[in-house]
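# Commentary on secondary and tertiary structure
Here are the chains, one letter per residue:
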Amino acid sequence: MFQVRIHGRGGQGVVTAAEMLSIAAFDEGRYAQAFPSFGSERMGAPVMAFCRIDAKEIRTREPVMQPDALIIQDPTLLHQVDLFSGLPSSGYIIINSSRSFDELGIGELLGKFAADHLCAVAASELAMKFVGRPLPNAALLGGFAAISGQLRFDSVAKAISQKFPGKVGAANVAAARAAYELALSSIGSPVAHA
Amino acid sequence: MLKQMEGSLAVAQAVALCRPEVICAYPITPQTHIVEGLGEMVKDGELTNCEFINVESEFAALSVAIGASAAGARSYTATASQGILFMAEAVYNAAGLGLPIVMTIGNRAIGAPINIWNDHSDSMALRDAGWIQLFAETNQEAADLHIQAFRLAEELSCPVMVCVDGFILTHAYDRVDIPDQAQVDAYLPPFEPVQVLDCKDPVSIGAMVGPEAFFEVRYLQHHKQDRALDRIPQLAAEFKAQFGRDSGGLIRSYRCDDAETIVVALGSLVGTVKDAVDEARAAGSQIGVVSICSFRPFPLKQVRAALQSAKRVVVLEKCLAVGIGGIVSDGVRKSLSGIQLKGYTVIAGLGGRPITKRSLLDLFASAARDELQELNFLDLNWDVVHRELERGRQQRRAGPTAENILRDVGVTGARVA
Amino acid sequence: MAFQPVKFYQTGTFTVGNRLLADSERTVQANMRRTNSLNSGHRACQGCGEALGARYAIDAAMQATGNQVMAVNATGCLEVFSTPYPETSWQIPWMHSLFGNAAAVASGVAAALRVKGRSSVKVIAQGGDGGTTDIGFGCLSGMFERNDDVLYICYDNEAYMNTGVQRSSATPPAARTATTMAVGPHPGNVFGTGKNLPLIAMAHHIPYVATASVANLHDLEVKVMRAMGIEGARYIHIHVPCPLGWGSAPADTIKIARLAVESGLFPLFEAERGEITDRHKLRRRVPVEEYLKPQRRFAHLFGARPDVNTIASIQAIADRNVRTLGLAD
């Protein structure tokens, strides 16, 4: 089983991101479970969503305590919430930021992780460029696909198009593809920029 | 057809396939996505021959369903928590009148303190009203149970509530197999009412009944649930024949054959328990789990048969009968009447407190050593409790308990556990 | 040649008057083919205004719809006395659910009929003042707001009579009830409280609102029949004296209802979508005292030292009604 935990703030599409991940996994013939951790909608409040992916039926319903990957949609959470709780040193981290890990103040913390499991993607900027709105979730999924190798990019693209039909979907897919390629090219270099 | 979708929408699609004629809805978290889905289907013409009514309260919602059902229409509504309490009078009324309404409960805690997260207190609050109560373990089962529910309700002329854990199931994306219309039509025939308002054959429904007859009317309700004990497994078997999978039924046993310890639980919690059971088994523990799907009628015989050979039973419940302890435990104890074995009640998950595999494994280990109390509270923060009790001892005007505790635990941001 | 306009009153109310009318204008009750939908044998008190009003209303509705009426009843006097287990006096499909949900249940019945393509069958919801203005208020407003195809009839006897004469929001000021006893400095129901349901119904802009009284049963029938010819949410508020609760003589029910109308305390009018379309003008005003005196629920206002101030306050209410509704003939 592969478990992903997504952190962000209300209004950034954290839940949608988890749902898209689960759709992508489903399209690849796998079982997936995606669910939010919060209830009432509140713009700006810290939120989490989870996605589990497995080759067989997923029965457990507990929150993801030991994620295999973290997607951090909002770097302002970094020093506010214990984002990295439960992540093993072999875990993957994708952060939405145009700054380096050192600049974000987590360079030392991330030292214990494998460099090619980490990446910072300027997803909000990519979203602005391709979609016209700073919603980073689709782009971050592209980054996730690249770094983790858990999903084919095509599956992610298809899931995005399913969630966002028409032109909006295509634009989000473009942002995701850009992030995917940037992330791929950055593997090995711990300082990744858009 | 296999789909990856939100549990609520899977329920909505299953209900739509049942050809409902009147749907009335009042919004309450976490059922909203179900009725929104159905509303959209009616509005854009996907669901035809169906009146979708936006009512002004839950009390109105079930009342509209009562009128519609009495006039011969297949009726549906959904609610949760405070909503089922607000319609409580109508819940008893529908059962007493024998109207085959199907209602989804998106299980949610009841306030005060106000809480939107999952536990079973809402369904449990109305457990004696005379409705059949079915609990879904997965979103697949949630969808399937609604199809079985309409069939069961109309056959017996008894309303049925399908209980689906709020957020955990309703708001989770899962793989669900949505049946096609032909399959559902083959399983669920059109509604033929036992009693109906009809100008060609007028009847009066709902008269006052005095001491000379009330007892018999009430007994016949109980008798209906007795018949349900037979019909529920039969309808589940028919469902399997038609749709190709196990769904519903009275109870299910998992790895109980040689189990020394058997856990009993309802709803989505069973999934997490199964994973924990597998891990405990791998470590040498002889443990299994019984999931109860039909809570009303309570399958006394079946639960007894499943548990009687165990050394100990751990009833894991997402509800608390304040002042006495467990609710499900009462039913389990009754089913074990005359049999000597150790029984433990574990209250867990109230107000959406996560139930983790780690905590379950610790619990199972303690149970196996018979180190549990008769009544236990899983992952209750005793420090917080004691601090609040101390506050109360220090001064009379200690302030509202809930707010004190929130301040104490320093609720900021989202926590993992 | 000069001529003087002559007004005919009360044609059709008395038996003699009925014969002066054309067939189509005669009362439903005068018709041998009336359905008697609220049949004899019910257990209403002697002189019950509600039983009288309900019989006329339902039979009128039956005539207007070709006998296609279903009724939903709130808990209350009408429901209790019309269905003493194991008997029922209803000759039509009839349902009682709860105290506060008659309007919602009726909406449900109407929805079922609509979905089954049987909208020619009409639904009437019935309730007393308690079940309508208080506990049933939420559901009533919801039914109005959705414009559900239901006629709601409120039989207003101005208190919770079935449970022993307790005060409702329809109880008039100064009236004695079991929960507004005639004791203390302000005996009876408090001034400045209460709801005017017909005006509230009008505020929902529903297609038809009317007040009626058992004092003018022909008018009551006409209003019901008019309502049955209109689609959407409709409301009729009928004043029905209760000899037991009001402390009046059973034989005086119609007389007292008439005094209520003629004093101005119970105005008769019709409205459509929030605007008054017709009102019954008062050719003969009576002072409120004439209406209040025959009712023991107002007895504390009279006697050796009449409470002239309170009576004057009640008169002021009547005068205000006459003025604002333009009831002076």
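### A short note on the overall build of chain A
Tallying secondary structure elements over chain A gives five helices and six strands in all. Put simply, chain A runs from its N terminus to its C terminus through helices and strands in the order β-α-β-β-β-β-β-α-α-α-α. The C-alpha radius of gyration computed for chain A amounts to 15 Å, which stays within 12% of the reference 16 Å derived for 194 residues, consistent with globular compactness. For chain A, the C-alpha atoms occupy an extent of roughly 35 × 35 × 35 Å along the three principal directions. A buried classification covers 58% of the 194 residues belonging to chain A. Expressed as a percentage of contacts within chain A between residues at least 6 apart in sequence, the contacts between residues at least 24 apart total 67%. Accessible area for chain A stands at about 7600 Å²; split by element, carbon and sulfur atoms hold 51% of it. Charge centroids of chain A, computed over 17 positive and 17 negative side chains, lie 6 Å from each other.

### Some details on the overall build of chain B
Helix and strand counts for chain B come out as 15 helices and 16 strands. What you see for chain B is a C-alpha radius of gyration of 22 Å, in line with the 22 Å of a compact globule of 417 residues. When its C-alpha atoms are laid out on the principal axes, chain B stretches across 70 × 55 × 55 Å. Considering chain B as a whole, with its 417 residues, one finds that 59% of them fall into the buried category. Contacts in chain B between residues far apart in sequence, at least 24 positions, make up 80% of those at least 6 positions apart. By element, 53% of the accessible surface of chain B is carried by carbon and sulfur atoms, the whole surface being about 17000 Å². In chain B, 39 positive and 50 negative side-chain charges are present, and the distance between their average locations comes to 6 Å.

### Focus on the domain arrangement of chain B
Interfaces are often sized by the accessible area lost when the parts come together. Residue and element names in this part refer to chain B. In terms of domain boundaries, chain B breaks down into domain 1 (2-243), domain 2 (252-377) and domain 3 (384-414). On the side of domain 2, 25 residues touch domain 1, which itself brings 26 residues to the contact. Carbon and sulfur atoms supply 55% of the area buried between domain 1 and domain 2, which totals about 2000 Å² over both sides. Considering only the side of domain 1, the residues that lose the most area to domain 2 are Met124, Phe135 and Glu137, jointly responsible for 30% of the buried surface there. Run the count over domain 1 and domain 2 and you get five salt bridges.

### Digging into the packing of helix α2 (residues 123-130) of chain A against helix α5 (residues 166-186) of chain A
Residue and element names in this part refer to chain A. Relative orientation of the contacting elements α2 and α5 amounts to 140 degrees, with a least axis distance of 9 Å. Of the possible angle classes, the one that applies to α2 and α5 is oblique. Along this stretch, α2 crosses α5, giving a crossing that reads as right-handed. Touching Leu126, Ala127 and Phe130 of α2 are Ala171, Ala174, Ala175, Ala178, Ala179 and Leu182, all from α5.

### Section: the sheet that holds strand β3 (residues 122-128) of chain C
The strand order β9(B)-β2(C)-β1(C)-β3(C)-β4(C)-β6(C)-β5(C)-β7(C)-β8(C) describes an open sheet built from nine strands, whose pairing is mixed. Strands with a single pairing partner mark the edges of an open sheet, and in this sheet they are β9 (204-205) of chain B together with β8 (275-279) of chain C. With six bridges connecting them, strand β5 (residues 208-213) of chain C and strand β6 (residues 234-239) of chain C associate as parallel partners. Residue C:Ala210 lies in a different strand from β6(C), and its bridge partner there is C:Ile236. The strands touched by helix α4 (residues 102-115) of chain C within the sheet are β1 (69-73), β2 (94-96), β3 and β4 (150-156) of chain C, with β3(C) carrying the most contacts at an inclination of about 175 degrees.

### Observations regarding a nonpolar patch on the surface
Residue and element names in this part refer to chain B. A contiguous nonpolar surface patch, about 270 Å² in accessible area, is contributed by Leu320, Val322 and Leu350. The residue Leu320 is located in the loop between β14 (312-317) and α12 (328-335) in this model. On the accessibility criterion, Leu320 (31% relative accessible area) is partly exposed.

### Describing the pattern of salt bridges
Any two side chains of opposite charge can pair, given that their charged atoms come close. Applying the stated criterion to the full structure yields 49 salt bridges over all chains. Of the charged contacts in the structure, one is a salt bridge between B:Asp278 and A:Arg59, with a shortest N-O distance of 2.6 Å. Placement of B:Asp278 in helix α10 (residues 269-282) and of A:Arg59 in the loop between β3 (46-54) and β4 (69-72) is noted, with the two residues assigned to different chains. Salt-bridge contacts for C:Asp148 lead to C:Arg146; the nearest nitrogen and oxygen are separated by 2.9 Å. Assessed through its relative accessible area of 8%, C:Asp148 is described here as buried. Given the relative accessible area of 16%, C:Arg146 is considered buried. Three or more residues are tied together by salt bridges with common partners; here these are A:Arg59, B:Arg255, B:Asp275 and B:Asp278.

### Describing the arrangement of the chains
For this structure, the chain pair with the highest number of contacts among two pairs of chains in contact is chains B and C. Nothing in chain A touches chain C, and the closest approach of their C-alpha atoms is 27 Å.

### A few points about helix α12 (residues 308-325) of chain C
Residues and elements named next belong to chain C. Taking 1.5 Å as the rise per residue, α12 with 18 residues should run 26 Å; its terminal C-alpha atoms sit 25 Å apart, in good agreement. Thr310, Ile311, Ile314, Gln315, Ala318, Asn321, Val322 and Leu325 are the residues of α12 that are buried. Projected down its long axis, α12 shows its buried positions confined to an angular sector of 145 degrees, all on one face. Facing away from the buried side of α12 by more than 90 degrees, the exposed set consists of Val308, Asn309, Arg320, Arg323 and Thr324. Those residues of α12 that are buried are in contact with α10 (253-263), β7 (269-272), β8 and α11 (288-292).

### Comments concerning the interface of chain B and chain C
Contacts between chain B and chain C engage 38 residues on the former and 36 residues on the latter. Between chain B and chain C, a total of about 2900 Å² is buried, with carbon and sulfur atoms accounting for 65% of that surface. On the chain B side of the interface with chain C, the three residues burying the most area are B:Glu56, B:Leu197 and B:Cys199, jointly 19% of the side's total. The tally of links from chain B across to chain C stands at three salt bridges. The tally of links from chain B across to chain C stands at 12 residue pairs in polar contact (both at pLDDT 80 or more). Looking at the side of chain B that touches chain C, the elements that each hand over two or more residues are β3 (51-54), α3 (58-70), α5 (88-97) and β9 of chain B.

### As for the pairing of β7(C)
Residues and elements named next belong to chain C. Across two bridges, the pairing between β5 and β7 is antiparallel. Looking at the pairing, Ala210 lines up with Glu270 of β7. Pairing between β7 and β8: four bridges, direction antiparallel. Bridge pairing links Phe269 to Arg279 in β8.

### Focus on the packing of aromatic side chains
All names here are of chain B. The final tally for this structure, using the stated rule, is 14 aromatic pairs over all chains. Seen from their ring centres, Phe135 and Phe295 are 6.2 Å apart, and the 85 degrees between their planes marks the pair as edge-to-face. In this pair, Phe135 is assigned in strand β6 (residues 132-135) and Phe295 in strand β13 (residues 294-296), connecting sequence segments 160 residues apart. Overall, the relative accessible area of 2% leaves Phe135 in the buried class.

Parameters and conventions
Residues numbered from 1 in each chain as written. Chains lettered and ligands numbered in written order. Predicted model: local features only at pLDDT ≥ 70, side-chain atom pairs only at ≥ 80, totals over all residues. Heavy atoms only, no water. Helix = DSSP H or I, 4+ residues; strand = E, 2+ residues; numbered from the N terminus. Rg over C-alpha atoms; globule rule 2.2 N^0.38 Å. Buried < 20%, exposed > 50% of the residue type's maximum accessible area, 1.4 Å probe, protein only. Contact = heavy atoms within 4.5 Å. Areas by Shrake-Rupley, 256 points an atom, 1.4 Å probe, with all protein chains shown as cover. Lys, Arg positive; Asp, Glu negative; His and termini not counted. Charge placed at Lys NZ, Arg CZ, Asp CG, Glu CD. Domains from an automatic or database assignment. Buried area = accessible area lost by both parts, 1.4 Å probe. Salt bridge = Lys/Arg side-chain N within 4 Å of Asp/Glu carboxyl O. Axes fitted to C-alpha atoms, helices over the stretch in contact; angles between N-to-C directions. Parallel < 35°, antiparallel > 145°, perpendicular 65-115°, else oblique. Left-handed = near helix turned anticlockwise from the far one by under 90°. Pairing = 2+ DSSP bridges. Patch = residues over 30% accessible without salt bridge, like charges linked within 9 Å, V, L, I, M, F, W, Y side chains within 5 Å. Expected span 1.5 Å × (residues − 1). Arc of directions from axis to C-beta. Polar contact = N/O pair within 3.5 Å; in protein donor to acceptor, adjacent residues only side chain to side chain. Phe/Tyr/Trp six-rings, centres within 6.5 Å; stacked < 30°, edge-to-face > 60°.

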